[in-house]
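Close look at the chain arrangement
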Amino acid sequence: MKIEAAVLRGASATYAIEPVELAPPGPGQVLVRIVGAGFCHTDMLPRTPGFMARPPLITGHEGAGIVEEVGPGVTGIAPGAHVVLSFDSCGACRNCLGGHPAYCEHFLRLNLTGSGREGAGLDGDGPATDRHGQPVAARWFGQSSFATHALASARSIVEVDEDLPLELLGPLGCGVQTGAGSILLALRAGAGSSVVVFGAGGVGLSAVMAARVAGAATIVAVDLHESRLSLARELGATATVHGGDDIVARLRELTRGGTQYALDTTGNPAVISTAVDALRPTGTVGLVGSPSRPLTLSPAALTQGKNVKGILEGDAVPQLFIPQLLELWRQGRFPFDRLVRTYPLSAINEAERDSVAGTTIKPVLLPGS
Ligand SMILES: NC(=O)c1ccc[n+]([C@@H]2O[C@H](COP(=O)([O-])OP(=O)(O)OC[C@H]3O[C@@H](n4cnc5c(N)ncnc54)[C@H](O)[C@@H]3O)[C@@H](O)[C@H]2O)c1
Ligand SMILES: [Zn+2]
Ligand SMILES: [Zn+2]
């Protein structure tokens with residue numbers, strides 16, 4: 001079928017809205033009409049030189065929409081269903097079977113190559129072609145949802161109630177789930193605990209809201225933008241700190257001698273070192289930010305039982321966790337919609353610029369408007 005998609009044609013190119021021919025859903029795939037798709041910082045990784053997914057590529061991995069058709073062998077989901085699209089996983093490896101699909105042994109291939117296959121590049125039999133009949137990678141996170149329609153992996157589908165505002169729900173599939181899951185599922189911060197979140201963007205603010213849900217007594221947000229710190233306070237931070245070189249003492253003071261949990265969403269090695277230093281003995285720092293440079297840590301920094309834990313997608317099972325977050329949203333306890341600003345899909349370049357500049361926390365692109 002003919003669809004319209006935002007195609008990235010070069011690492012430093014702007015997106016172009018183009019007609020694309022999309023194949024019918026194959027085995028294990030579902031055709032979804034996209035109603036809204038969140039922009040996550042991970043969508044910019046194909047701009048990194050040497051990154052495994054290469055243009056021409058349709059990115060977008062926080063889609064939400066309505067099922068139009070299901071492929072052979074897909075059960076339990078029917079046309080008309082309202083769905084959120086999350087990350088893809090194989091369903092058969094040890095980690096998928098063990099209830100940790102975010103650590104699927106095929107995660108990188110399925111989500112970050114753009115083609116779903118080993119290695120970069122396309123060999124011509126992908127599901128999408130441009131107006132010249134040339135292949136376009138359209139399996140980014142098993143969905144490529146910056147488009148009017150996406151061929152989603154059935155494994156990534158989360159069915160949601162029809163009365164929910166579908167256009168806002170896409171970010172639950174990655175950024176929001178990552179921040180909230182990191183606190184509630186991966187770090188398991190408990191009532192009365194202390195949590196410091198570095199970076200108050202889409203992921204960090206979701207972590208702040210989740211820490212409040214968990215009943216953490218002390219929730220500190222650290223960022224460079226005053227506007228983001230102010231929103232963090234509204235969403236549950238009990239204190240905020242402007243980022244910088246010399247904030248360990250302040251963080252230790254705010255957390256009465258060191259925090260039990262920290263979450264880094266900046267990917268900045270200097271910030272991660274600060275997070276380790278700000279931990280109390282036995283504390284844990286979770287890392288979700290895309291690493292910008294190698295991390296240098298003295299083993300001595302980890303004495304006293306300190307832990308560093310890499311986290312993907314909040315270690316969530318999306319089909320279990322996203323409905324839980326939606327229930328909390330209905331009760332007013334997890335107002336993730338406050339992070340969202342909507343744009344028509346045709347304004348995707350402006351949305352990316354606003355996200356990089358920090359003026360919009362979570363852009364959501366609406367292909368239908
Ligand atoms: N691990 C995963 O599964 C996963 C999932 C989604 C996103 N991510 C990654 O998480 C990261 C955060 O995503 P986001 O959408 O929240 O991005 P974002 O850009 O909205 O948020 C990052 C925040 O960090 C702040 N920051 C930057 N440098 C800082 C410093 N030195 N001190 C304090 N604050 C600083 C920025 O001001 C910004 O508010 C990205 O790297 C993204 O690729 C990882
Ligand atoms: Zn797997
Ligand atoms: Zn993401």
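What counts and how
- Residues numbered from 1 in each chain as written.
- Chains lettered and ligands numbered in written order.
- Predicted model: local features only at pLDDT ≥ 70, side-chain atom pairs only at ≥ 80, totals over all residues.
- Heavy atoms only, no water.
- Pairing = 2+ DSSP bridges.
- Helix = DSSP H or I, 4+ residues; strand = E, 2+ residues; numbered from the N terminus.
- Axes fitted to C-alpha atoms, helices over the stretch in contact; angles between N-to-C directions.
- Donors = N, O, S within 2.8 Å, 3.2 Å for Na, K, Ca; no water.
- Tetrahedral: all angles 85-135°; square planar, octahedral: opposite > 155°, others 65-115°.
- Buried < 20%, exposed > 50% of the residue type's maximum accessible area, 1.4 Å probe, protein only.
- Domains from an automatic or database assignment.
- Contact = heavy atoms within 4.5 Å.
- Buried area = accessible area lost by both parts, 1.4 Å probe.
- Salt bridge = Lys/Arg side-chain N within 4 Å of Asp/Glu carboxyl O.
- Polar contact = N/O pair within 3.5 Å; in protein donor to acceptor, adjacent residues only side chain to side chain.
- Nonpolar A, V, L, I, M, F, W, Y, C, P; charged D, E, K, R; others polar.

As for the sheet that holds strand β9 (residues 194-198)
If you trace the 6 strands from one edge of the open sheet to the other, you get β11-β10-β9-β12-β13-β14, paired in parallel fashion. The sheet is open, and its two borders are formed by β11 (239-242) and β14 (307-310), each paired with just one other strand. Taking each pair of neighbouring strands and ignoring which way they run, the sheet shows an average axis angle of 20°. Pairing geometry for β9 and strand β12 (residues 259-264), over 4 bridges, is parallel. The residue of β12 that forms the bridge with Val-195 is Tyr-261.

Focus on the coordination of the zinc ion (ligand 2)
In this structure, Cys-90 (SG), Cys-93 (SG), Cys-96 (SG) and Cys-104 (SG) serve as the protein donors to the zinc ion (ligand 2), at separations of 2.3 to 2.4 Å. Coordination at the zinc ion (ligand 2) is tetrahedral, judged from the 4 donor atoms that bind it and the angles of 104 to 117° they form at the metal. As a motif over one chain, the donors of the zinc ion (ligand 2) read C-x2-C-x2-C-x7-C. Accessibility expressed as a relative area gives 29% for Cys-90, which makes it partly exposed.

Describing the domain arrangement of the chain
Considered domain by domain, the chain is made up of domain 1 (2-173 + 335-366) and domain 2 (179-311). The centre of domain 1, based on its C-alpha atoms, is set 29 Å off from the matching centre of domain 2. Facing 11 residues of domain 1, the contacting portion of domain 2 comprises 13 residues. Taken together, the two surfaces of domain 1 and domain 2 that pack against each other cover about 940 Å², and 62% of this comes from carbon and sulfur. Area buried by domain 1 at its contact with domain 2 is led by Arg-338, Leu-339 and Ile-361, which between them contribute 51% of it. Linking domain 1 to domain 2 there are 1 salt bridge. Connecting domain 1 to domain 2 are 3 residue pairs in polar contact (both at pLDDT 80 or more). Within the side of domain 1 that touches domain 2, the residues separate by chemical class into 7 nonpolar, 3 polar and 1 charged.

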